[in-house]
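Letter by letter, the chains look like this.
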Amino acid sequence: RTRTGGPSSHIVSEERRVRASLCAHGIAPARIWSTATWKHTDVAYPGRRKTRGKGEATHHHVRRTMAMGMDAVGFNIKDGYLDGILRGYKGGLLGATDYTNLGQCESLDDVKLHLEGTDYGAFLQDESTLHTSRIVDKCLAKLVDEWKYLRCNADEPLATFLDYCTYGHMIDNVVLIVSGTLHERDVHELVEKCHPLGLFDAIGTLAVAQNLRELYRLCLVDTPLGPYVSECLSSEDLDEMNVEILRNTLYKAYLEDFMRFCRGLGGETADRMAGLLALDADRRALNITINSIGTELTRDDRRSLYPKLGHLYPDLHVELATCEDLEQVKGTLERCPAYHDVCRRLAYGESQALDKLLYEEEAKLCMLTFQGQFHYASFYAYLKLREQEIRNLMWISECVAQNQRNRIQDGIVPLWS
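Residues numbered from 1 in each chain as written. Predicted model: local features only at pLDDT ≥ 70, side-chain atom pairs only at ≥ 80, totals over all residues. Heavy atoms only, no water.

Caption draft 1: How the structure looks around the overall build of the protein chain. From N to C terminus, the protein chain includes 17 helices and two strands. Buried positions account for 43% of the 417 residues belonging to the protein chain. Taking as baseline every contact in the protein chain between residues at least 6 positions apart, the subset at least 24 positions apart corresponds to 59%. Carbon and sulfur atoms make up 50% of the accessible area of the protein chain, which amounts to about 22,000 Å² in all. (Helix = DSSP H or I, 4+ residues; strand = E, 2+ residues; numbered from the N terminus. Buried < 20%, exposed > 50% of the residue type's maximum accessible area, 1.4 Å probe, protein only. Contact = heavy atoms within 4.5 Å. Areas by Shrake-Rupley, 256 points an atom, 1.4 Å probe, with all protein chains shown as cover.)

Laid out in structure tokens, this is it:
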């Protein structure tokens, strides 16, 4: 610039040359304000049409970029280390080659030998006799150790987010204990079968509850599930039907609360989690409908158990509650654009259950989550992917143990993209 504030001749020539080169490549320049002369100057901004305004569009872009930059700086300071650890964990997931090799195993010892060459390492070296249950338990123990490490080193609000991710396991454990008690199973045996991520101090006292009020007052009042149980208190005794209603009611309250928490976090975390929780909510609504066909559960009872979120909410919930067979459920699902691909694969007669197809959709969403940056949804996605990998290994081990290797591909949900 010259002393008078105007641009010198060689700068003007250079700007004209740059603008001409950009236009030749189809890139429209956007206007910004010059802080020295308060006159607008053209700079390159791909994808934006050239405007004649006083820089309003560019000012908005600058503000948005600065906000994203501040979020990135804050995220890396507080959570960057754990995000790096998590992406390292994700890189250890089994790939397509691993599943191909596992499908060729002739015994559980071959499965053990192959897994030793992956991130699982020598986790089965002390096992003299292999069973599918032991392989699953050891894989689950590895996941629990990783998750506990993340949780112990997490700062707020990531710590609370990680806790929310495990509330579903707590609900499953509560239902397992109560249901097993109804069938007179030993409490200690039931506790051993509970998911390690869903354990809490009062879990052993669940067996003494005879109704929902006692369950809340004696066992769950001081747990994170307390607010969810308080919404469905009644004096009804706990039988098999009420236990399933309890499970779905707790999951409904949990998913809605988790969604509110993610919206409070905002940003890409809210955007990514909206899709993941919507799929989980829709899957539960479909399962409630299918499992209640032919039972005494009314249409209003069904709708009261559906989570108030998801791609099917609210319009298709009305139709879903009136379905009386699987074809009607499928017809309702076809009206949702988000599940056109799932319905198409069902229509073509593939030998896959609806639940497996929805798990495949969830795996795709979880893999896509890792393409973003500076958000917490990747932690939730990793937990889901690792749990699905454990289910895959359980299916492969069972097929190998029962000499049904030709069925291995029928039950595997692919986790690579």
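Caption draft 2: View of helix H5 (residues 132-152). For H5, which comprises 21 residues, the first-to-last C-alpha distance of 30 Å matches the rise-based estimate of 30 Å (1.5 Å per residue) to within 8%. Among the residues making up H5, those that are buried are Thr132, Ile135, Val136, Cys139, Leu140, Lys142, Leu143, Val144, Glu146, Trp147 and Leu150. (Expected span 1.5 Å × (residues − 1).)

Caption draft 3: Fine view of the nonpolar core. Core analysis: the largest hydrophobic core is formed by 86 residues, its most contacted members being Phe161, Tyr254, Phe258, Met273, Leu277 and Phe379. For Phe161, the residues in contact, after removing those within four places along its chain, are Phe258, Phe261, Cys262, Leu265, Thr269, Met273, Tyr376, Ala377, Phe379 and Tyr380. (Core = buried A, V, L, I, M, F, W, Y, C linked by side-chain atoms within 4.5 Å.)

Caption draft 4: Quick look at a negative patch on the surface. A grouping of Glu324, Asp325, Glu327 and Glu334 is seen on the molecular surface, where their side chains present a negatively charged patch. As for its placement among the helices and strands, Glu334 is situated in helix H14 (residues 326-334). For Glu334, a relative accessible area of 37% puts it in the partly exposed group. (Patch = residues over 30% accessible without salt bridge, like charges linked within 9 Å, V, L, I, M, F, W, Y side chains within 5 Å. Salt bridge = Lys/Arg side-chain N within 4 Å of Asp/Glu carboxyl O. Lys, Arg positive; Asp, Glu negative; His and termini not counted. Charge placed at Lys NZ, Arg CZ, Asp CG, Glu CD.)

Caption draft 5: Expanded view of the packing of helix H4 (residues 108-115) against helix H17 (residues 377-401). Contact geometry of H4 with H17 gives a least axis separation of 9 Å together with a crossing angle of 145°. Contacts between H4 and H17 involve Leu108, Val111 and Leu115 from the former and Leu393, Ser397, Val400 and Ala401 from the latter. Residue composition of the contact of H4 with H17, grouped by class: six nonpolar, one polar and no charged. (Axes fitted to C-alpha atoms, helices over the stretch in contact; angles between N-to-C directions. Nonpolar A, V, L, I, M, F, W, Y, C, P; charged D, E, K, R; others polar.)

Caption draft 6: Structural detail: the pattern of salt bridges. For the structure on display, the rule yields 18 salt bridges. Note that Asp83 is salt-bridged to Arg87, the shortest N-O span being 3.0 Å. Highlighted residues: Asp83 and Arg87, both in helix H2 (residues 56-91), separated by four residues, approximately one helical turn. Owing to a relative accessible area of 7%, Asp83 belongs among the buried residues under this scheme. Residue class for Arg87 comes out partly exposed when judged on its relative accessible area of 23%.

Caption draft 7: Main features of H14. Every buried residue of H14 is listed here: Val329, Thr332 and Leu333. Along the long axis of H14, the arc covered by the buried residues comes to 100°, so they all point the same way. Measuring from the side-chain oxygen of the N-cap residue of H14 to the backbone nitrogen of Glu327 gives 3.1 Å; that N-cap residue is Asp325. (Arc of directions from axis to C-beta. Polar contact = N/O pair within 3.5 Å; in protein donor to acceptor, adjacent residues only side chain to side chain.)

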